[in-house]
Each structure stands twice: as C-alpha cells, then as structure tokens.
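Chain by chain, the residues:
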Amino acid sequence: MTNDTADVAIIGAGPVGAALALRLAAGGQRVVLVDRAALPPMEHPDFDGRAYAIAYGSRDLLDRAGLWDRLPFPPCPIERIRVSDGKPGRPPSPLFLDFDHRDVGDEPFGWIVEARSLRMAINRALADSAVILHAPATARVTRDADGATVAIADGPSYRVNLVVAADGRGSTLRAEAGIAVTRYPYRQSAVVCAVEHERPHHNVALEHFLPGGPFAQLPMSDADGAHLSAIVFTESHANAARLAAMDDPRFTIEVARRLGAHLGRIRLVGRRWTYPLSALHAHRYHATRLVLVGDSAHGVHPIAGQGLNLGLQDGIALAELIDAAADPGSPDLLARYQRIRRPANIAMLAATDALDRLFSTDLPPVRLVRDIGLAAVNRMPRLKRRFMRTAMGLRA
C-alpha cells in the first residue's frame, strides 16, 4: 500500500546520489534516498589513502548540497599540472606539458578531497536535512506513465514523480528498465595509495605516462606537519597482483621508481587498493519515470581523474532542469537531460580511452611522436587554455 508521496526517489547514496538528494532537498523537493548499506559503516574515521579529484566546475553541486563547508579535512587546491613521459626508474623525458591555473584565472583547477572527508560530510548533512533516508534498505520500484512506486522492504512505500538510478555500474534499475550497456574492459588494474614525502608538493599534480599506464601524484593537504600526496597508477593485471602481494617496504620502492625523486624520500601511509579497470556507457539515460546518473550511466578510464566529476556534472544538469519543471519525471525533461549529458560523457570516454592507448605503449616511434606532441602543445597558449578549461569542468 502506498502511504506517502515524494517528488524524487534516489536509489544509491554514494557521492553523486547523496549530493543530488541534498541539492534537490535544499531546492524544495521532497526526496527519498535509499541505499543497501548502513551509512555509519560507510564512513571511514581513519585515513585510508583514497581521495577524489574534484574539478572546479563540479564543486557547484557540493556547494549547493551544503557539503563543501562541512568537509572535516581541508581539500587541497590543484594549482599546476605537469604532464610527462618516461619509464620507471629513469628521469622523465625533457619534453613535457605544464599547466598553470593562473593562465585561465585565479581559481584552481580543482581540489583533492579525501574520500573519508566527503563521506563524513555527506552523513552529517543527511542527518540534518529533510531528505527521507532509508539505509540499510532495499526497494522495489515499479513505474508507469503517471509516476513510480518505491516500496521499501519491511517499510513504507512512496509514490514519486521520478526515480534516479545512482546505484553504480552494476545498476539493477538500469537492467530492469532494459537499457543496454556497452562495456570496454581494459587489461589493466588501478593501484591506489597515499604517501608522505620529504619535500612539499606546492599544490602541483603530476601525470606521468609510463609503459604500464598513467601514473598520477595528486597533492593532498598537509596533516600534522607531514606532506601528503595521493597516488593512482595503472598496471597490467599481473603486475598489479604482484604489487599487491608485496610488503610495504618493497611496494614503496616500486612507487618511488615511478614517482621519481622530486618529492624526496617517501613513506606509505594508509592502505593500498587495487581495482580492475573498465569503461562503459549506457545506450540511453532514461526510461519511463527513470533517469540514470553517475556510474549507472557511464564509466571512464581514470587517466584524467574525471569519473566522479562526470557524475557530479550529471547531478548539476539534472537538478537545474528539475528546478524549472512542474513535473521532474516528464519525458521532455528526461530527454533534455540526455541531450545535455550523454554527448559530453561519451566524448570524455573516447578521450580517456584514446589517451590510455596512446601512452600505454613503449614503442620508440610512438614515444617520440607523443613527446614531441606534448612539447608542441606546451608552446600553444590558446590550445593549452582550452585543455585547462576542460580539466576544470568548464566550457572550452
């Protein structure tokens, strides 16, 4: 029996789903948020090495959701990005690409935010908000032309105008709606950790292309006087498994071989994580009274750190459409959302896939061409500014 009503139900309380729920509730929508996991266990009180790169243009959703000012640990601005090419244990190529945020304005490219910091801010904001939260809980969703019914297992049911699928790459709602997905498996895994280093990073991020895949050093805010950076790099599945089996001292040596000596001595802090990589895109972003956001709609290679940002941009676009609509689940609104977001997301998928294929090779002719290309772009201010604005989540 339906015993309550709401405007929007969001299934999935990850960063995108939760931020969208808070943003819509702040705008006056009555929102139901459902997640399979209990929220306190999703909050990690101890530093675990994981972090998000939040682009300048994506921060709007976190601001308007009331999350940015609640972050318990300060985010670190990214003020420069250095792109280089090389091999582990050797100096990088002298041909490189350097981006400085001052070339496009006063704002940073973005910020590095600890994963636990964002989770803690989300949990605290939800506790103080008007969002109707069910977690841990599962929901059965039925949809028709007039709306959708969201039945919470062993709980109430809600009649809503729109259901938002924010339930990840394996989205149940997407599958139930019969929306096809194209997947692109990579023969790579991501290795994620954090290091303390001897010298300050000066808010500079490094993207270092190696034969096994891209290696990123992302500046984090100092903690207790220690200089910290997040590390994300890709390797073949076999090499990633070998790295995962190493003890901390040996693993740290492998990180140092890839990072280089510019930050001095390093020490591993927090945990290490290994994730198999793949990309995907949904063939459409909506069905009757249903819309896909974040990883349920798309997934990209982490080479440019854009995965979460694409989801936050989904949330910004959808919230703006809902703000101006009498019916948040109308076919016209959902079609407009798809027209806005799907081309941008597919373009990013294509770009990250092409970059990974171009730079994850050790063929000398290819290396020479790409190094010359990096150096050439570095001497083209207008093209550099276009790349920088894209990295910031702004129109080029």
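Definitions and limits used
- Residues numbered from 1 in each chain as written.
- Predicted model: local features only at pLDDT ≥ 70, side-chain atom pairs only at ≥ 80, totals over all residues.
- Heavy atoms only, no water.
- Helix = DSSP H or I, 4+ residues; strand = E, 2+ residues; numbered from the N terminus.
- Contact = heavy atoms within 4.5 Å.
- Core = buried A, V, L, I, M, F, W, Y, C linked by side-chain atoms within 4.5 Å.
- Buried < 20%, exposed > 50% of the residue type's maximum accessible area, 1.4 Å probe, protein only.
- Pairing = 2+ DSSP bridges.
- Axes fitted to C-alpha atoms, helices over the stretch in contact; angles between N-to-C directions.
- 1 Å grid on protein atoms, 1.4 Å probe; cavity = no way out; pocket = protein on both sides within 12 Å on 5 of 7 lines; lining within 4 Å.
- Points joined across faces, edges and corners; volume = space filled by probe spheres on them.
- Nonpolar A, V, L, I, M, F, W, Y, C, P; charged D, E, K, R; others polar.

### Here's the deal with the side chain of His298
Item 1. Relative to the assigned elements, His298 resides in strand E21 (residues 298-299).
Item 2. Look past the residues within four positions of His298 in its chain and what remains in contact with it is Leu280, His281, Tyr285, Leu310, Gly311, Asp314 and Asn345.

### Structural notes on the nonpolar core
In summary, soluble globular proteins display a tendency toward joint burial of nonpolar side chains.
Item 1. Of all hydrophobic cores here, the largest spans 69 residues; its most connected members are Ile10, Leu67, Val163, Val164 and Leu318.
Item 2. With sequence-adjacent residues up to four places away left out, Leu67 is seen in contact with Ala19, Leu22, Leu62, Ala121, Ile122 and Ala125.
Item 3. One finds Ile81, Phe109, Ala205 and Val269 within the second-largest nonpolar core, a separate group that totals 18 residues.

### Structural notes on the sheet that holds strand E4 (residues 51-55)
Item 1. A sheet is described by the order of its strands in space; here three strands give the open sequence E4-E8-E5, paired in antiparallel fashion. Edge positions in the sheet fall to E4 and strand E5 (76-78), since each of these pairs with one other strand and no more. Pairs of neighbouring strands in the sheet enclose a mean axial angle of 30°, with direction left out of account.

### Some details on empty space enclosed by the protein
Item 1. According to the stated counting rule, one finds two cavities of 30 Å³ or more in the structure shown.
Item 2. Taken together, Pro74, Pro75, Cys76, Ile112, Glu114, Met220 and Ser221 make up the full set of residues lining the largest cavity.
Item 3. Of all the elements in the fold, those that place two or more residues in the lining of the largest cavity are strand E8 (110-114) and strand E16 (213-223).
Item 4. Here the second largest cavity is characterised by a volume of approximately 30 Å³.
Item 5. If you trace the second largest cavity, you find it lined by Arg23, Asp60, Leu61, Arg64, Gly315, Ile316, Ala319 and Glu320.
Item 6. Those elements that provide at least two residues to the lining of the second largest cavity are helix H3 (59-64) and helix H8 (307-323).
Item 7. Counting residues per element, the lining of the second largest cavity draws most heavily on H8, which supplies four residues.
Item 8. Considering only residue class, the lining of the second largest cavity consists of three nonpolar, one polar and four charged.

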